[in-house]
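Secondary and tertiary structure notes
What follows is the residue order along each chain.
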Amino acid sequence: MSAGSLGGNDSGHGARGARDLVPREFLRAIAVWSLIPAYAAAGGLFGYLADRGLGTFPYGVGTGLVLALALAVRDMLRLRDEIFAPKDDAR
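**Regarding the side chain of Asp75**
Note on placement: Asp75 falls in helix α2 (residues 59-83). Judged by its relative accessible area of 7%, Asp75 falls in the buried class. Once residues lying within four places of it in the same chain are set aside, the contact partners of Asp75 are Leu35 and Tyr39.

Right, dumping it as structure tokens:
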């Protein structure tokens, strides 16, 4: 049996009516909502490591968390623009 006889699509793209295993809207929502916790964890970790090396606890952790929040907001705005950008079908 070939993939074509089963209704499969080798590339996973371009078939009208084909459905993804996980809807794209769900993946976009996960991407947006996972930004802040991921950035906060990374910022806190890097701040903690800087504090251990410099002996400046808690200033490095605070700086890392503020920087992480700023970067997370920037990436959330970028994702928002990508998701809700007008579709240009004229190309």
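**Here we look at the pattern of salt bridges**
Under the criterion given, the structure shown has 5 salt bridges. Where Arg78 meets Glu82, a salt bridge forms, and the shortest distance between an N and an O atom there is 3.0 Å. Remark: Glu82 and Arg78 occur in helix α2; sequence separation between them is 4 residues, near one turn of the helix. Exposure remark for Arg78: the relative accessible area of 42% places this residue in the partly exposed category. Salt bridges linked by common partners bring Arg74, Asp75, Arg78 and Glu82 together as one network.

**Topic: α2**
The end-to-end C-alpha separation of α2 is 36 Å, in line with the 36 Å expected for 25 residues at 1.5 Å each. Turning to α2, its buried residues are Gly60, Val61, Gly64, Ala68, Ala72, Asp75 and Leu79. Tucked inside the fold, the buried residues of α2 contact α1 (24-54).

Reading guide: rules and limits
- Residues numbered from 1 in each chain as written.
- Predicted model: local features only at pLDDT ≥ 70, side-chain atom pairs only at ≥ 80, totals over all residues.
- Heavy atoms only, no water.
- Helix = DSSP H or I, 4+ residues; strand = E, 2+ residues; numbered from the N terminus.
- Buried < 20%, exposed > 50% of the residue type's maximum accessible area, 1.4 Å probe, protein only.
- Contact = heavy atoms within 4.5 Å.
- Salt bridge = Lys/Arg side-chain N within 4 Å of Asp/Glu carboxyl O.
- Expected span 1.5 Å × (residues − 1).

From the geometry alone we can't say anything about function, so treat these as descriptive.
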